[in-house]
Amino acid sequence: MRRRRMLIATMAAALVAGGAASAQERDVEAEVAAAQAAYDAAILGRDAAALDALFAPDFVYVGTHANRRERTEQIANMTTAEGRLVSGGSEAVEITPLGEDAALVTGRFRGVWREGGTDEAVDERFTAVWRRIDGRWRLKHEHVSLRPAQR
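Everything numeric here is computed off the predicted structure, so don't read it as measured data.

Visitor: Help me out: how do you make sense of the pattern of salt bridges in this one?
Guide: Side-chain pairs of opposite charge can arise whenever the charged atoms involved come near each other. With the rule as written, the count across this model stands at 9 salt bridges. Its salt-bridge partner being Asp-52, residue Arg-71 comes within 2.7 Å of it at the nearest N-O pair. Taken together, the residues Arg-71 in helix H3 (residues 71-80) and Asp-52 in helix H2 (residues 48-54) connect sequence positions 19 residues apart. Since its relative accessible area comes to 15%, Arg-71 is described here as buried. Here the residues in one salt-bridge network are Glu-31, Asp-101 and Arg-132, joined through shared partners.

Visitor: I would appreciate a short explanation of the pairing of strand S4 (residues 102-115) in the present structure.
Guide: With 11 bridges joining them, strand S3 (residues 84-97) and S4 adopt antiparallel strand pairing. Each residue of the ladder has a partner; that of Gly-89, found in S4, is Arg-110. The turn joining S4 and strand S5 (residues 118-133), which pair antiparallel and follow one another in sequence, is formed by 2 residues; a positive phi near 60 degrees is taken by Gly-116.

Visitor: Where do I start with the packing of aromatic side chains in this structure?
Guide: The description of an aromatic ring pair uses the distance of the two centres, along with the angle that the planes make with each other. Inspection of every chain in the model, using the stated rule, returns 3 aromatic pairs. Ring centres of Tyr-39 and Trp-130 lie 6.4 Å apart, and the angle between their planes is 80 degrees; this geometry places the pair in the edge-to-face category. Of this pair, Tyr-39 sits in helix H1 (residues 2-45) while Trp-130 sits in strand S5, placing them 91 residues apart in sequence. Given a relative accessible area of 0%, Trp-130 falls into the buried group. Between the aromatic rings of Phe-55 and Phe-59, the centroid separation amounts to 3.9 Å while the plane-to-plane angle is 5 degrees, which identifies the pairing as stacked. The pair Phe-55 / Phe-59 is uniform in exposure class, with both members buried. Joined through ring pairs, the aromatic side chains of Tyr-39, Phe-55, Phe-59 and Trp-130 make up one cluster.

What counts and how
- Residues numbered from 1 in each chain as written.
- Predicted model: local features only at pLDDT ≥ 70, side-chain atom pairs only at ≥ 80, totals over all residues.
- Heavy atoms only, no water.
- Salt bridge = Lys/Arg side-chain N within 4 Å of Asp/Glu carboxyl O.
- Helix = DSSP H or I, 4+ residues; strand = E, 2+ residues; numbered from the N terminus.
- Buried < 20%, exposed > 50% of the residue type's maximum accessible area, 1.4 Å probe, protein only.
- Pairing = 2+ DSSP bridges.
- Phe/Tyr/Trp six-rings, centres within 6.5 Å; stacked < 30°, edge-to-face > 60°.

Here is the structure:
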C-alpha cells in the first residue's frame, strides 16, 4: 500500500512538473511570436530604431546568396536600400523553445519587393534564433533562403 501511494505521488508530481514546463513553453512561444510580429512590422516600416531594439548586439544575417551581414549593415540595408518591401509577413511560423531564454523559429516570409517602379514577389524560408537578453527578446541570428522558383 505504501509503495502504491509513493508511486501515485511520484506520478502526480511528474504531471504537475510537466504542466509547468508546458505553461513555460507556451509563454516563450507567445512572447517570441510577438517579437517576430514586431520584426515583420519593423521590416515593412523600414524602422531603424525598432530594428536596433530587436537585434541582439551580435546579430548576424545570412542571406539568399550566402551573403553575411552584421547588425549595423543589416539595419542600413533594410532601411536605406533603394528597393523596399511594400507588403508581406511571416507565415507558417513554428517556434521551438530552447529553455527559458532562447527559441528557434522557422517559417516562410512572403511579400512584395518594389524597386525602380517594379514589383517582384518574395517567397523565402527562414530560420531564426531569438534570445532573451536583459528581459527582452532579441534576434541573434537569421538565415533566409529563396524558394526554388526565385533562384
